[in-house]
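Residue-level structural notes
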Amino acid sequence: MELFYRITLHELIADILTLIDERELSSKNALERVFKRVSGRDREKARGLAHAYVFEIEKWRKKIDFMVNSVLKGSKIEDLDLYLANLIRIGVFEMKFKGVNPAIATDSVVRVVKERYDQSKARFVNALLREVEGFNLEKALKKLKEKDRIEYLSVKFSHPRWYVEYAIELLGYGGAVRLMLSNNRAQRYYVRVNPLKTDIDSLADYLEEHNVRVARTLVDDVLKILEYETPITRLEWYKQGHFVIQDLASAYVAHVLSPEKDERILDLAAAPGSKTFHVAHLMENTGEIIAVDYSMERLNKMREKMKALGVTNVKLVHADGMKFKDKEEFDRIILDAPCSSSGTYRQFPEVKWRFDERKIQRVIQVQKAMLRNAYRNLKAGGDMTYSTCSIRIDENEENVRYAINKVGFELVDYPFSWGEKGFTEIGDKVFRAWTHLHDCNSFFIAKLRKE
Ligand SMILES: C[S@@+](CC[C@H](N)C(=O)[O-])C[C@H]1O[C@@H](n2cnc3c(N)ncnc32)[C@H](O)[C@@H]1O
């Protein structure tokens, strides 16, 4: 027996938003899961629309919640049932950001609430959305600015409060504002050539022939996508693994590591594999790379990708990077540590709402344990890269100082060919990229050596 029931786009979007929060999934992953259940003629169109809604709602969530909380007076959107809260967010987003007629936006949400909950909840949401409709955001923001400037910036740019404070401390007021503005701009894509299948000139020609305008970058094997007609993931060369989509700063790590042919390399936090594959490509499939990750799901994705990219020298290991110890030591190690992801807000706006101070302190403990374990696995004279996509000093420079002072590493004075200096007394010897300065994720790299 095959049964169908109708589900509205609003319900699908609320499902995705709820999954992102409950399971801590990326929006892409949550979208994939929800759309597994969807079929029909308009599936692809609905998917594109749902993706755009989810991305923008996650980006503007703090501003949306500010409006809702201002009219709720007393209680908060965070206290509501999560699915209901997400339906409300969709309604507010439509009327205040997308320019949908407020009566239509309210009606589509209220109809879902009536069906999924009851009449009284529907009345509550109806009244709430009508109040939001009349809410004067500009006036409220002006008032907030006089009362609490940090909270004002946090709402205006829709960034976590801690991030606003942190960015001002690091970059000054102007720098922090420029960073947040650029975090809210459209994502920039970069592609890295797979040298096992083609070269950078042929890739540039191929992309131009397919109406993708590209530019060279400061990283030799990476092109910047300037304009495209059809998404690059639909191109045959993408499907055949001639190139990968990889952020500019992320693609700098393998060059800083500078692996040589036939070496043994360890990647302690490898999935989904961008840096592992890059190192494999630079080594032309010689030697051996042990790629460790503790997420089986992510390792499985990596296995699929590996085939398409023609990578044959990588062994995947499902293990804890804080404890994994191989029989033999390694020539080089990549430690691209799990982090607060605070450098990736433009690419993954959902991570803005995932990390509070307690969680960040926990991840710093994991980073330190991984640094200690990297030392145990590295040969004397061996090099490693420590990198994160975090903007924070405690996840970056302070961890490097810990690696030097408490673990035994030396900091290599690597001649970085682009990027900014870091902070603290080791700032001159480490690399930082910033979204507002380099048009990529904010990123950190240090090169360490075991003497
Ligand atoms: C920043 S991502 C790595 C990205 C990857 N290096 C790349 O370039 O595609 C961090 C990874 O660390 C993994 N991870 C988190 N804690 C871990 C642990 N204790 N041991 C091993 N992997 C861990 C996560 O599953 C995630 O895949």
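Being a predicted model, the structure only gives us computed values, none of them experimental.

Take the domain arrangement of the chain next. By domain assignment, the chain separates into domain 1 (9-135), domain 2 (138-183), domain 3 (190-245) and domain 4 (250-449). Its C-alpha centre places domain 1 at a distance of 25 Å from the equivalent point of domain 2. Contacts between domain 1 and domain 2 engage 7 residues on the former and 5 residues on the latter. Ranked by the residues each element gives to the side of domain 1 that touches domain 2, the list is headed by helix α4 (residues 61-72), at 5 residues. Taken together, the residues of the side of domain 1 that touches domain 2 sort by class into 2 nonpolar, 1 polar and 4 charged.

Here we come to the nonpolar core. By size, the foremost hydrophobic cluster in this structure holds 77 residues, and its most contacted members are I333, L335 and Y386. Here this core gets 6 residues from one element, more than from any other, and that element is helix α10 (residues 161-183). For I333, the residues in contact, after removing those within four places along its chain, are L266, L268, A374, N377, L378 and M384. Residues L12, W60, I90 and V109 belong to the second largest nonpolar core, which totals 36 residues.

Right, let's get into the packing of helix α2 (residues 27-35) against helix α3 (residues 43-59). Relative to each other, α2 and α3 sit at 145°, their axes nearing to 11 Å. Relative to α3, the crossing made by α2 is right-handed. For the pair formed by α2 and α3, the contact residues are S27, L31 and F35 on the first element and R47, A50, H51, V54, F55 and E58 on the second.

This part takes up the UniProt feature "binding site: S-adenosyl-L-methionine" (unreviewed entry) in the chain. UniProt feature "binding site: S-adenosyl-L-methionine" (unreviewed entry): in the numbering of this structure it lies at A269, A270, A271, P272, G273, S274, K275, D293, D320 and D336. In this fold, P272 is placed in the loop between β5 (264-267) and α14 (274-282). Under the C-beta neighbour-count criterion, P272 is labelled partly exposed, with 17 such atoms within 10 Å. Residues in contact with P272, not counting those within four places in the same chain, are R298, K301, M302 and K305.

To continue, consider the pairing of strand β2 (residues 213-216). By the bridge criterion, 4 bridges tie β2 to strand β3 (residues 222-227) in an arrangement that is antiparallel. Residue pairing in the sheet places V214 in a bridge with I225 of β3. From the end of β2 to the start of β3, which pair antiparallel, there are 5 residues.

With that out of the way, let us pick up the site of the ligand. Lining the immediate surroundings of the ligand are 19 residues, of which A269, S274, G321, D336 and P338 lie closest. Considering only residue class, the shell around the ligand consists of 9 nonpolar, 5 polar and 5 charged.

So, how was this worked out
Residues numbered from 1 in each chain as written. Predicted model: local features only at pLDDT ≥ 70, side-chain atom pairs only at ≥ 80, totals over all residues. Domains from an automatic or database assignment. Contact = placed C-beta atoms within 7 Å. Helix = DSSP H or I, 4+ residues; strand = E, 2+ residues; numbered from the N terminus. Nonpolar A, V, L, I, M, F, W, Y, C, P; charged D, E, K, R; others polar. Core = buried A, V, L, I, M, F, W, Y, C linked by C-beta atoms within 7 Å. Buried ≥ 20, exposed ≤ 12 C-beta atoms within 10 Å, placed from the backbone. Axes fitted to C-alpha atoms, helices over the stretch in contact; angles between N-to-C directions. Left-handed = near helix turned anticlockwise from the far one by under 90°. UniProt positions renumbered as here; feature names shortened; annotations may be inferred. Pairing = 2+ DSSP bridges. Near = placed C-beta within 6 Å.

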